[in-house]
Amino acid sequence: KILLFFSPLITLNTMKFSILATAALTIAPAAAEIYFKEQFNDEAWKDRWTEPTGWKAKHEMGKWKHTAGEYYGDSSDKGIQTSEDARFYGLSAPLTKTFNSSDGKDLVLQYSVKHEQNLDCGGAYIKLLPGDNFDAANFGGDTPYSVMFGPDICGHSNKRTHVILHSDNKNDNLLIKKDIPTETDNLTHLYTLVVRTDNTFEVFVDNKSVRSGKLEIEFDFLPEKEIKDPDQSKPADWVDDAQMDDPNDQKPDGYDDIPEDIPDPDAAKPDDWDDEDDGEWEPPMIDNPDYKGPWKAKRIANPDYKGPWVHPMIPNPDYVYDEKMHSVCTDGCTHIGFELWQVKTGTLFDDIIVTDSLEEAQKFAEETFFKKKDDEADMLDEKKEAEREEQRKAAAVDDHDDEEDYMDGMMDEF
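This is a predicted model, so every value here is computed, not measured.

We now examine the overall build of the protein. Assigned secondary structure in the protein consists of six helices and 21 strands. In the protein, buried positions account for 36% of the 414 residues.

See the structure below:
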């Protein structure tokens, strides 16, 4: 029971407001935590990020370009872009605060990607990296990671948005079972991954949900609930052939004497054939219409057929539900990075955020991605139209030159 004591100086309405205000303060959500945010809008970005020097030879590493790109929504809003074909690209930065899954918070990773080139083969994914002793100078493809997320394209058939999450129980990185498509046009797109503490996940592209589900269904976090009974095997006398040879069907006498080819009965020796010069004439061979191939007995229903044998299943003694599937950063994620190979370069990255709040990530997207996307699209359209106009002009010049060459040739005839 709750007892309310009224003071003569407090009205009922005043007290009602006080109670509601207290309740609101009690249930107010915790403030969002931002573990990392990067917009690359100043030259000091190089001080915040480290290029690995011990991963590959220097001539194999590509250079990052600080630019807004060839088309943009705001020329002062820059990102980092791959700039040399057929190179490896590496870059990492420390989080401003370690993200630890044991804190019981959702993980939200978001960033933008723009392929200004027609990317034929190359990655554009980002990695969340664990470890207090992270080695930025040697960060590369063999460096352990907790999350790998984002586009990967190679050829016409391999175009996906990677979602790979680390499993402590399996000590392995688990790839999502069913591919998530990726954007392949030349505009900037926003990629968002949410890993929730209720062991679900969701992927957004341009703030639209493109995949969601349970971690245990979409990834191989858990062992199978049932396994084949190791003490059971198919009985030796089990008959799983639905048909059998008819024991009453016998091969006809002389069947094997029927030749596969016979001389063509309609062929005749040419009139100019000379046996002394050409040798003895023989008619050409043709398929024998009476030849039926190797003899096989007729097939009939097998009276002993029992159907396919099904291995009995039993509960898997090793199955245990993992409440911590979402804990991809159990020991704490401390860095974020790119570790890429691109054949044809020109991919621009920008507007990275790591937080525990999807709402915070969406708010950041409104301030960055959505603020400039329409102007960028308009500028790209104008660029493409200018290119088409140049092509039309070039084609007109070629046609004019061809016409002049034709007329000159006609004049030479006269």
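Now that the structure is up, let's keep going.
Our focus in this paragraph is the nonpolar core. Counting residues in each nonpolar core, the largest one holds 54 residues, and the members touching the most others are Trp 49, Tyr 111, Leu 165, Ile 336 and Phe 338. The element best represented in this core is strand E4 (residues 87–99), accounting for five residues. Residues contacting Trp 49, with those up to four places away along its chain left out, are Phe 36, Glu 38, Phe 40, Leu 91, Ser 92, Ala 93, Ile 336, Gly 337, Phe 338 and Ile 352. Val 108, Val 194, Phe 204 and Phe 364 belong to the second largest nonpolar core, which has seven residues in total.

All right, on to the packing of aromatic side chains then. The full count for this structure, using the stated rule, is 19 aromatic pairs. Ring geometry for Trp 64 versus Tyr 89: centroids 5.4 Å apart, planes at 70°, classification edge-to-face. Within this pair, whereas Trp 64 is found in strand E2 (residues 64–67), its partner Tyr 89 is found in strand E4, the two being separated by 25 residues in sequence. Each member of the pair, Trp 64 as well as Tyr 89, carries the same accessibility label: buried.

Gaps between atoms show up when a probe of the same size as a water molecule is rolled over them. Counted as a void, the largest pocket has a volume near 260 Å³. Around the largest pocket sit 13 residues that line it, and Glu 51, Lys 58, Met 61, Gly 62 and Lys 63 are the ones nearest its centre. Among the residues making up the lining of the largest pocket, the classes are represented as five nonpolar, two polar and six charged. What the second largest pocket holds in volume is close to 190 Å³.

Okay, helix H5 (residues 358–367) next. For the α-helix, the turn length of 3.6 residues means that residues three or four positions removed from each other point alike. For H5, the complete set of buried residues consists of Leu 358, Glu 360, Ala 361, Phe 364 and Ala 365. Here the buried residues of H5 occupy an arc of 160° about the axis, which is enough to place them on one side.

Before going further, it helps to examine the pattern of salt bridges. Between side chains of opposite charge, pairing is possible as soon as their charged atoms come close. Following the criterion strictly, the structure yields 24 salt bridges and no others. Notably, a salt bridge pairs Asp 356 with Lys 105, separated by 3.4 Å at the nearest N-O pair. Within this pair, whereas Asp 356 is found in the loop between strand E21 (347–355) and H5, its partner Lys 105 is found in the loop between E4 and strand E5 (107–115), the two being separated by 251 residues in sequence. Note on Asp 356: relative accessible area 13%, which makes it buried. Taken together, the salt bridges that share partners define one network made up of Glu 33, Lys 97, Lys 105 and Asp 356.

Here the focus is the side chain of Asp 356. There is a polar contact of 2.9 Å between the side chain of Asp 356 and the backbone nitrogen of Glu 33. Side-chain polar atoms of Asp 356 contact the side chain of Lys 105, separated by 3.4 Å.

Right, let's talk about unusual backbone geometry for a bit. Backbone geometry places Phe 40, a non-glycine residue, at a positive phi of 55°. Turning to its location among the elements, Phe 40 is positioned in the loop between strand E1 (34–38) and helix H2 (45–48). Phi is positive for Asp 206, close to 55°, though the residue is something other than glycine. Looking at where Asp 206 falls in the secondary structure, it is placed in the loop between strand E12 (200–205) and strand E13 (208–214). For Asp 206, a relative accessible area of 17% gives the class buried.

This part takes up the side chain of Ser 101. Along the chain, Ser 101 falls in the loop between E4 and E5. One polar contact links the side chain of Ser 101 to the main-chain amide nitrogen of Cys 329, over a distance of 2.9 Å.

A few words now on empty space enclosed by the protein. A complete count under the given rule lists one cavity of 30 Å³ or more for this structure. Considered as a void within the structure, the largest cavity measures approximately 100 Å³ in volume. Asp 77, Thr 188, Asp 350, Lys 372 and Glu 376 are, among the 16 residues lining the largest cavity, the residues nearest its centre. Of all the secondary-structure elements, those providing two or more residues to the lining of the largest cavity are E5, E21 and helix H6 (369–413). Tallied by class, residues from the lining of the largest cavity come to four nonpolar, five polar and seven charged.

Let's shift gears to the environment of Leu 95. Mapped onto the secondary structure, Leu 95 falls in strand E4. C-alpha separation for the pair Leu 95 and Leu 129, spaced 34 residues apart in sequence, amounts to 9.5 Å.

On to a negative patch on the surface, then. A surface patch of negative charge is lined by Asp 271, Asp 272, Asp 274, Glu 276, Asp 277 and Asp 278. Here Asp 272 shows up in the loop between strand E16 (261–263) and helix H4 (275–278). Accessibility expressed as a relative area gives 66% for Asp 272, which makes it exposed.

Right, let's get into the state of the cysteines. Summed over all chains, the structure comprises two disulfides. Each disulfide pairs two cysteine sulfurs, and for Cys 121 the partner residue is Cys 154, the sulfurs being separated by 2.0 Å. Between Cys 121 and Cys 154, the S-S dihedral sits near -85°, and the bridge is therefore left-handed. One end of the pair, Cys 121, is in strand E6 (residues 121–123); the other, Cys 154, is in strand E8 (residues 147–154), with 33 residues separating them in the sequence. Paired by a disulfide, Cys 329 and Cys 333 hold their sulfur atoms 1.9 Å apart. As the torsion about the S-S bond is roughly -85°, the Cys 329-Cys 333 disulfide counts as left-handed. Taking relative accessible area as the criterion, Cys 329 reaches 1% and is therefore assigned buried.

Rules used in this analysis
- Residues numbered from 1 in each chain as written.
- Predicted model: local features only at pLDDT ≥ 70, side-chain atom pairs only at ≥ 80, totals over all residues.
- Heavy atoms only, no water.
- Helix = DSSP H or I, 4+ residues; strand = E, 2+ residues; numbered from the N terminus.
- Buried < 20%, exposed > 50% of the residue type's maximum accessible area, 1.4 Å probe, protein only.
- Core = buried A, V, L, I, M, F, W, Y, C linked by side-chain atoms within 4.5 Å.
- Contact = heavy atoms within 4.5 Å.
- Phe/Tyr/Trp six-rings, centres within 6.5 Å; stacked < 30°, edge-to-face > 60°.
- 1 Å grid on protein atoms, 1.4 Å probe; cavity = no way out; pocket = protein on both sides within 12 Å on 5 of 7 lines; lining within 4 Å.
- Points joined across faces, edges and corners; volume = space filled by probe spheres on them.
- Nonpolar A, V, L, I, M, F, W, Y, C, P; charged D, E, K, R; others polar.
- Arc of directions from axis to C-beta.
- Salt bridge = Lys/Arg side-chain N within 4 Å of Asp/Glu carboxyl O.
- Polar contact = N/O pair within 3.5 Å; in protein donor to acceptor, adjacent residues only side chain to side chain.
- Patch = residues over 30% accessible without salt bridge, like charges linked within 9 Å, V, L, I, M, F, W, Y side chains within 5 Å.
- Areas by Shrake-Rupley, 256 points an atom, 1.4 Å probe, with all protein chains shown as cover.
- Lys, Arg positive; Asp, Glu negative; His and termini not counted.
- Charge placed at Lys NZ, Arg CZ, Asp CG, Glu CD.
- Disulfide = S-S within 2.5 Å.

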